[in-house]
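Letter by letter, the chains look like this.
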Amino acid sequence: MQPDQRKEWERRRTFGIISHPDAGKTTMTEKLLYLGGAIQMAGTVKARKSGAYATSDWMELERARGISVTTSVMKFPYGDYEVNLLDTPGHNDFSEDTYRTLTAVDAALMMIDSAKGVETQTIKLMEVCRLRKTPIVTFINKLDRDGLEPFDLLDNLEKVLGLDAVPLTWPLGMGKGFRGVYDLYRDRIQLFDPSQEQGLGGFVDIAGLDDPALERILGKTATAALREELDLVLGAGVRFDRDAFLEGRQTPVFFGSALTGFGVAELLETFLEITPPPRGRTSVERYIDPTEPAFSGFIFKIQANMDPNHRDRIAFLRVCSGRFQRHQRLHHVRLQREMRISTPIFFLAQEREILEEAFPGDIVGLHDTGTLEIGDTLTEGEILHFTGIPSFAPEIFRRVRLDDPLKMKNLRKGLEQLAQEGAVQLFRPVETSELIVGVVGQLQLDVLQFRLQSEYSVRCHFEPIELTTARWYRAEDPKVLATFEKAMARSIARDVKERPVFLAESAWRLRHTTEKFPEIRFFATSEGVHGQ
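So, how was this worked out
Residues numbered from 1 in each chain as written. Predicted model: local features only at pLDDT ≥ 70, side-chain atom pairs only at ≥ 80, totals over all residues. Heavy atoms only, no water. Helix = DSSP H or I, 4+ residues; strand = E, 2+ residues; numbered from the N terminus. Buried < 20%, exposed > 50% of the residue type's maximum accessible area, 1.4 Å probe, protein only. Contact = heavy atoms within 4.5 Å. Areas by Shrake-Rupley, 256 points an atom, 1.4 Å probe, with all protein chains shown as cover. Axes fitted to C-alpha atoms, helices over the stretch in contact; angles between N-to-C directions. Parallel < 35°, antiparallel > 145°, perpendicular 65-115°, else oblique. Nonpolar A, V, L, I, M, F, W, Y, C, P; charged D, E, K, R; others polar. Pairing = 2+ DSSP bridges. Salt bridge = Lys/Arg side-chain N within 4 Å of Asp/Glu carboxyl O. Phe/Tyr/Trp six-rings, centres within 6.5 Å; stacked < 30°, edge-to-face > 60°.

Draft legend 1. Just the overall build of the protein chain, in detail. Within the protein chain, the regular secondary structure consists of 14 helices and 31 strands. Relative to its full complement of 532 residues, the protein chain shows a buried share of 56%. When contacts within the protein chain are restricted to residue pairs at least 6 apart in sequence, those whose partners lie at least 24 apart make up 70%. For the protein chain, the accessible surface area stands at approximately 22800 Å², while carbon and sulfur atoms represent 49% of it.

In structure tokens, the structure reads:
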């Protein structure tokens, strides 16, 4: 890698924000974009009366419900760093989109509601991060409201998530009595003033906890309480260890309020300082180091119709190594063909701009006409297959019924495109012409129905069907495979990529089938098919 390329790699930071719904994730995204100059006004998802919707929520349904149901990708500069921020869906129904997004990041910011502690969806997302040893920074939010005690929140973090929680800031009060935070990392006090922009009442540098300035600022009672609490924190002997953090064993903890913006700038500055530059990636063939000179990258997300005026389709590429350049000819590994990238784009909230070059860690938007799929690899010629970007077996199945039979062509097109972008899974039984969709939760069906109507002019409804699970399958012996598919034809379907899927009415049916056909290998994710 050339020196200029290495410098660009070192200053990149690519991270995602994860949380349970309503923990303040999208509000935090807005504040970070505001700090980076990407937007002029940070609106919160609840500010519907003022018209200040979340800038990162681009879909009309997201704005109407005040939730994020798609992953937003945004880029902004901050100081010497170039930041790629991925705001993921918080709702459990969109966990697969979040999982794929987390394959494209090098660190994660975890939002915790101070009144609730660690919640269900946070636990699930944490497991995904743990599988990849993704470093996690924790921001305990809503300190300007009454919540759990700081020690209880730290204890909750450690017990539920199995991480060593190391506070780098410490709250001075909470709710109406919230005075600010003590910054242990920089040894200073940051005062909270709700009447000021970002709630910032100023900084006071101090010479440790024994500094007399503490009592002048906070008063004797508050100072005594702070010293007692920090004696317990520091007396526990756990100090911030960057190696333990980078290995996913320790999480630094910050306290603040995303809504007011208090503590967000300090969080971002420290986050960018301690998190790693873009990391290497594993492929079936070998490990790819980000400093390698040859370009490589993979598609982790596809989004159709982001611009309703143009009905476009954007594939999101994570650059893994080398330098990406506009007009470059790249090798599409799956299709074994060359493709020229003429108009790559990057995103500043809802705005998009033409991108001339990109480096490891950057997220590039590629205009796609249907040739790219989630998991595809682009290189300068080398055959690589990046791993860890599967489809998961859905939990809810529905039969799709058209309200207007003349719209069948539109329905098929809409379902295929939305399945290709991972918004839903589409199954076509081999013995019937039915269309079956599979999702994780009910909200996905609501979004599917909304998008089919708004983007493809299709009105439809969903009927219950007696299916409970799906398994991709394969066999080494073609004769064994043919015998199985003939015997179980009524339960065999093809997904949107034409991969074979066994649809089971019950867990007993699946277990019985696996016992009856021991030479057939069944997989809960699509990666098992063809050994991928």
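Draft legend 2. Highlighting the packing of helix H2 (residues 25–35) against helix H10 (residues 264–274). Where H2 meets H10, the closest approach of the two axes is 10 Å, and the angle between their N-to-C directions is 75 degrees. Considered as vectors, H2 and H10 are oriented roughly perpendicular to each other. Contacts from Met28, Lys31, Leu32 and Leu35 of H2 reach H10 at Val264, Ala265, Leu267 and Leu268. Here the residues of the contact of H2 with H10 are counted per class, giving 7 nonpolar, no polar and 1 charged.

Draft legend 3. Structural view of the sheet that holds strand E3 (residues 81–87). Strand order in this open sheet of 7 strands is E2-E3-E1-E4-E5-E11-E6, and the pairing throughout is mixed. If you trace the sheet from one side to the other, it starts and ends with strand E2 (72–78) and strand E6 (164–167), each paired once. Going across the sheet, the axis of each strand differs from the next one's by a mean of 30 degrees, ignoring polarity. Judged from the 3 bridges that link them, strand E5 (residues 136–141) and strand E11 (residues 250–255) form a sheet pairing that is parallel. Across the sheet, the residue bridging to Phe139 is Phe254, located in E11. Running over the sheet, helix H5 (residues 120–131) touches strand E1 (12–18), strand E4 (107–113) and E5 and is turned about 165 degrees from E4.

Draft legend 4. The arrangement of the pattern of salt bridges in detail. In total, this model carries 35 salt bridges according to the counting rule given. Residue Glu215 pairs with Arg227 through a salt bridge whose shortest N-O separation is 3.6 Å. Here Arg227 lies in helix H8 (residues 220–235) and Glu215 lies in helix H7 (residues 213–218), a separation of 12 residues in the sequence. Look at Glu215 and you get partly exposed, because its relative accessible area is 33%. Residue Arg334 pairs with Asp376 through a salt bridge whose shortest N-O separation is 2.7 Å.

Draft legend 5. A look at the sheet that holds strand E28 (residues 469–474). Strand order in the open sheet made by the 8 strands is E27-E24-E26-E25-E29-E30-E28-E31, with antiparallel pairing throughout. Where the open sheet ends on each side, the last strands, each with one partner, are strand E27 (460–464) and strand E31 (521–523). Neighbouring strand axes in the sheet, compared pairwise and without regard to direction, differ in orientation by 40 degrees on average. Judged from the 3 bridges that link them, strand E29 (residues 492–494) and strand E30 (residues 500–504) form a sheet pairing that is antiparallel. Each bridged residue has a counterpart across the sheet, and for Ala493 the counterpart in E30 is Val501. Most of the contacts of helix H12 (residues 442–456) go to E27, to which it runs at about 150 degrees, and overall it touches strand E24 (396–402), strand E26 (436–439) and E27.

Draft legend 6. A look at the packing of aromatic side chains. Under the criterion given, the structure shown has 17 aromatic pairs. Ring centres of Phe192 and Phe262 lie 5.2 Å apart, and the angle between their planes is 80 degrees; on these two criteria the pair is classed as edge-to-face. Here Phe192 is found in strand E9 (residues 188–192), whereas its partner Phe262 is found in the loop between E11 and H10, with 70 residues between them in sequence. The burial state of Phe192 is the same as that of Phe262; both residues are buried. Summarising the aromatic geometry, the rings of Tyr473 and Phe484 are spaced 5.0 Å apart at their centres and angled 75 degrees between planes, so their arrangement reads as edge-to-face.

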